[in-house]
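Architecture at a glance
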Amino acid sequence: MQPAQPPLRPKLRVQCCTYNGHLAQGSDPREPDLTSWLIPTLAETSAEFPSDGEPADIVAIGFQEMIPLHLSLLGLTRTALDLHDHKLKAAIEAHATVTRREVTSDSPHETYTLLSKKCLGGIALLVYTRDRTTTSRVVDVRVATAACGIFRRMGNKGAVGVRITIEEEENDDEGDEKADDGEDTGDTVFTFVTAHLAAHDHGLERRNEDWRSIVERLVFAPDGPSEFYKPKRAKDVFKKLVQASTLNAGGIQIYDTSYLFFFGDLNYRISTKTPKTLPLRLIAHKIQNDLPALLAQDQLRQQQELGRTLHNLREGPITFTPTYKFKPGTVDTYKKFEKRVPGWCDRVLFATWADGEDGAGSIIKKSIGKNGEEVEKAAKRKGAKVELYRSVMAFTKSDHKPVTSIIALPRHPKGSHALRLPFAAPFKIDPLWRQKQLVGWALDRFVGFFWCIVMLAGFNRDLKCVS
């Protein structure tokens, strides 16, 4: 008789949110209610919540263009974010109240812990974990950035990444000596990257190049821990890699993970040329009446099919209208298409250890054969399920609409070991990534300082940095 299969772990849920907008502009009559974005309903006019209102275990929030460019290059995005991030945490923790979920007397409301808050130019990424299910199991948090804007070095475009290592439950009672073994203990790794890629409909090739730069130069290194969270039982996730001499160019790429989430203003537009010519006068009609036909013109999907960008990443079904370019102050009015071709610029894509050519990978299960010997067999596992993927039209301050996605991850059978993505990074680490990062930082500060002097000399209408 074969032994019973090990019980499945609880299914974790991750929420990724992205917004290109000046959220940090102080009191504004158009300032949105964050709950519509961070605790979204199934649809704009719906009162129902995904998964019966169960909170996400990890919430990652990405911003682009948080403050004017000259101020962000000077390094003031963090200052602006510090004055506003308490609103984000308060909105997330209000989950039970907003969804009207039943709560227990010993846990009257949800609480979350900020693991990381990292900025590059006007790009920012915050990651929170749910205290009831996840925070205590976090053993390592790493941050990294990669700038690929002006001169391919500056932070007006680029990405911010956070890498979180979570200890599996069967290791919780083991000693600290084994815990220090890092990657060999079979821990689960979550990698979050928020990005802002090159703009304009004609900037397609530059966007693809930005993606390559991010894969090559967004590197998690031993000297890059988060300054916001120190795990109670920290693990040195780099120790074994250093000993085995497998720490390429001094760090780890975004593809060396169990789960990868890539989201932000990716700036891919609607193509007016491929797969067939699309006159601008027909775009508005298709937005209202034929989204599937319009999605066939989506640059991002076309480039993915050609193997030129966001390799092996996927997303949920798109049922919302293009998220760019709207007239600020309006709910659903686009600007003239002659000046800016619209697009689903704001996206959330992901990959998991269970992904494969058919969307579900395999895992080795052990059983006892007829002769009493242990037999290993590959068994199919279900992949991740996108429970929600939509834009939030109520935000009207920006020419973009924010997007949010909730993803239920595949369960890990107990006994699974160090599950990682079933495909390698499409590009190797750039051996000069540290030098390029330093040059970019210097350029950012120099240009930002000079630009601010010019603004103060008489063009200071945008100097509302953190008010």
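All values reported here derive from a predicted model rather than from experimental measurement.

Section: the overall build of the chain
Helix and strand content of the chain: twelve helices and 13 strands. Scored against the burial criterion, the 467 residues of the chain give a buried share of 54%. Looking at the chain alone, contacts between residues at least 24 apart form 77% of all its contacts between residues at least 6 apart. Counting every atom, the chain has about 21,200 Å² of accessible surface; 53% of that belongs to carbon and sulfur.

Digging into the sheet that holds strand S9 (residues 346–352)
Strand order across the open sheet formed by five strands is S5-S6-S7-S8-S9, with mixed pairing between neighbours. A strand with exactly one partner marks an edge of an open sheet, and here the two such strands are strand S5 (138–147) and S9. Averaged over neighbouring strand pairs, the angle between their axes works out to 10 degrees when direction is ignored. Pairing geometry for S5 and strand S6 (residues 158–166), over nine bridges, is antiparallel. Paired with Ala144 across the two strands is Gly161, which belongs to S6. Sheet strands in contact with helix H7 (residues 204–217) are S5, S6, strand S7 (188–196) and strand S8 (259–265), and its direction is about 135 degrees off that of S5.

Some thoughts on a nonpolar patch on the surface
Taken together, the side chains of Leu69, Phe450, Trp451 and Val454 define a hydrophobic patch exposed on the protein surface, amounting to about 350 Å² of accessible area. The dominant element in the nonpolar patch, judged by the number of residues it contributes, is helix H12 (residues 433–456), at three residues. Locating Phe450 in the fold gives a position in helix H12. Judged by its relative accessible area of 53%, Phe450 is exposed.

Re the sheet that holds strand S3 (residues 112–120)
Taking strand neighbours across the sheet as the criterion, the six strands line up as S3-S4-S2-S1-S13-S12 in an open arrangement whose pairing is mixed. Since the sheet does not close on itself, it has two edges, and those belong to S3 and strand S12 (385–391), each with one partner. Neighbour-to-neighbour, the strand axes of the sheet open up by a mean angle of 10 degrees, direction not taken into account. Bridge count for strand S1 (residues 13–20) against strand S13 (residues 403–408) is six bridges, and the pairing is antiparallel. Counted as the bridge partner of Thr18 is Val403 from S13. In the packing of helix H4 (residues 85–93) onto the sheet, the strands contacted are strand S2 (58–64), S3 and strand S4 (123–130), and the crossing angle to S4 comes to about 35 degrees.

Considering the pattern of salt bridges
Pairs can form between side chains of opposite charge once their charged atoms are near each other. The full count for this structure, using the stated rule, is 27 salt bridges. With a shortest N-O distance of 2.8 Å, Glu387 and Arg13 are connected by a salt bridge. With Glu387 in strand S12 and Arg13 in strand S1, the pair connects residues that are 374 residues apart, well separated along the chain. Since its relative accessible area comes to 22%, Glu387 is described here as partly exposed. The class for Arg13 is buried, based on a relative accessible area of 4%. Linked through salt bridges whose partners overlap, the residues forming this network are Glu54, Asp57, Glu110, Arg130 and Arg132.

Details of the packing of aromatic side chains
In this description, an aromatic ring pair is defined by two values, namely the gap between the centres and the angle between the planes. Inspection of the entire model under this criterion finds twelve aromatic pairs. Between Phe190 and Tyr259 the ring centres are 4.9 Å apart and the planes differ by 20 degrees, which places this aromatic pair in the stacked class. Highlighted residues: Phe190 in strand S7 and Tyr259 in strand S8, separated in sequence by 69 residues. Exposure class is identical for Phe190 and Tyr259. Each is buried. Between the aromatic rings of Trp211 and Phe262, the centroid separation amounts to 5.0 Å while the plane-to-plane angle is 90 degrees, which identifies the pairing as edge-to-face. Placement of Trp211 in helix H7 and of Phe262 in strand S8 is noted, with a sequence separation of 51 residues between them. Both residues of the pair, Trp211 and Phe262, belong to the buried class. Through pairs of rings, three or more aromatic residues link up here, namely Tyr19, Trp37, Phe63 and Phe395. Just above the ring of Tyr268 sits the side chain of Arg207; from NZ or CZ to the centre is 5.3 Å.

With respect to the side chain of Asn20
In this structure, Asn20 sits in strand S1. Not counting residues up to four positions away in its chain, the partners in contact with Asn20 are Gln64, Glu65, His196, Asp265, Asp346, Ser398 and His400.

Quick look at the nonpolar core
If you look at the biggest cluster of nonpolar residues, it comprises 49 residues, and the most contacted ones within it are Ile164, Phe190, Phe192 and Phe261. When neighbours within four sequence positions are excluded, Phe190 is seen to be in contact with Leu12, Val14, Ile58, Val162, Arg163, Ile164, Ile166, Thr257, Tyr259, Phe261 and Leu409.

Considering a positive patch on the surface
A grouping of Lys327, Lys335, Lys336, Lys339 and Arg340 is seen on the molecular surface, where their side chains present a positively charged patch. Relative to the helices and strands, Lys339 resides in the loop between helix H11 (299–305) and S9.

Considering the pairing of S4
Burial runs high along S4: eight of the eight residues are buried. What you see with S4 is no split at all: Ile123, Leu125, Val127 and Thr129 on one side and Ala124, Leu126, Tyr128 and Arg130 on the other are buried throughout. Where S2 lies against S4, six bridges are found, and the strand directions are antiparallel. Counted as the bridge partner of Ile61 is Leu126 from S4.

Looking at the environment of Thr135
The residue Thr135 is located in the loop between S4 and S5 in this model. With a relative accessible area of 7%, Thr135 lands in the buried category. Sequence spacing of Thr135 and Tyr112 is 23 residues, and the spatial spacing of their C-alpha atoms is 7.9 Å. Beyond its immediate chain neighbours, meaning those up to four positions away, Thr135 contacts Thr113, Thr129, Arg130 and Tyr229.

Regarding the environment of Leu280
In this structure, Leu280 sits in the loop between S8 and helix H9 (283–289). Sequence spacing of Leu280 and Phe337 is 57 residues, and the spatial spacing of their C-alpha atoms is 6.5 Å. If we skip the residues at most four places from it in the chain, Leu280 touches Thr272, Phe337, Glu338 and Val341.

How each quantity is defined
Residues numbered from 1 in each chain as written. Predicted model: local features only at pLDDT ≥ 70, side-chain atom pairs only at ≥ 80, totals over all residues. Heavy atoms only, no water. Helix = DSSP H or I, 4+ residues; strand = E, 2+ residues; numbered from the N terminus. Buried < 20%, exposed > 50% of the residue type's maximum accessible area, 1.4 Å probe, protein only. Contact = heavy atoms within 4.5 Å. Areas by Shrake-Rupley, 256 points an atom, 1.4 Å probe, with all protein chains shown as cover. Pairing = 2+ DSSP bridges. Axes fitted to C-alpha atoms, helices over the stretch in contact; angles between N-to-C directions. Patch = residues over 30% accessible without salt bridge, like charges linked within 9 Å, V, L, I, M, F, W, Y side chains within 5 Å. Salt bridge = Lys/Arg side-chain N within 4 Å of Asp/Glu carboxyl O. Phe/Tyr/Trp six-rings, centres within 6.5 Å; stacked < 30°, edge-to-face > 60°. Lys NZ or Arg CZ within 6 Å of the ring centre and 35° of its normal. Core = buried A, V, L, I, M, F, W, Y, C linked by side-chain atoms within 4.5 Å. Lys, Arg positive; Asp, Glu negative; His and termini not counted. Charge placed at Lys NZ, Arg CZ, Asp CG, Glu CD.

What is shown is where atoms sit, not what they do.
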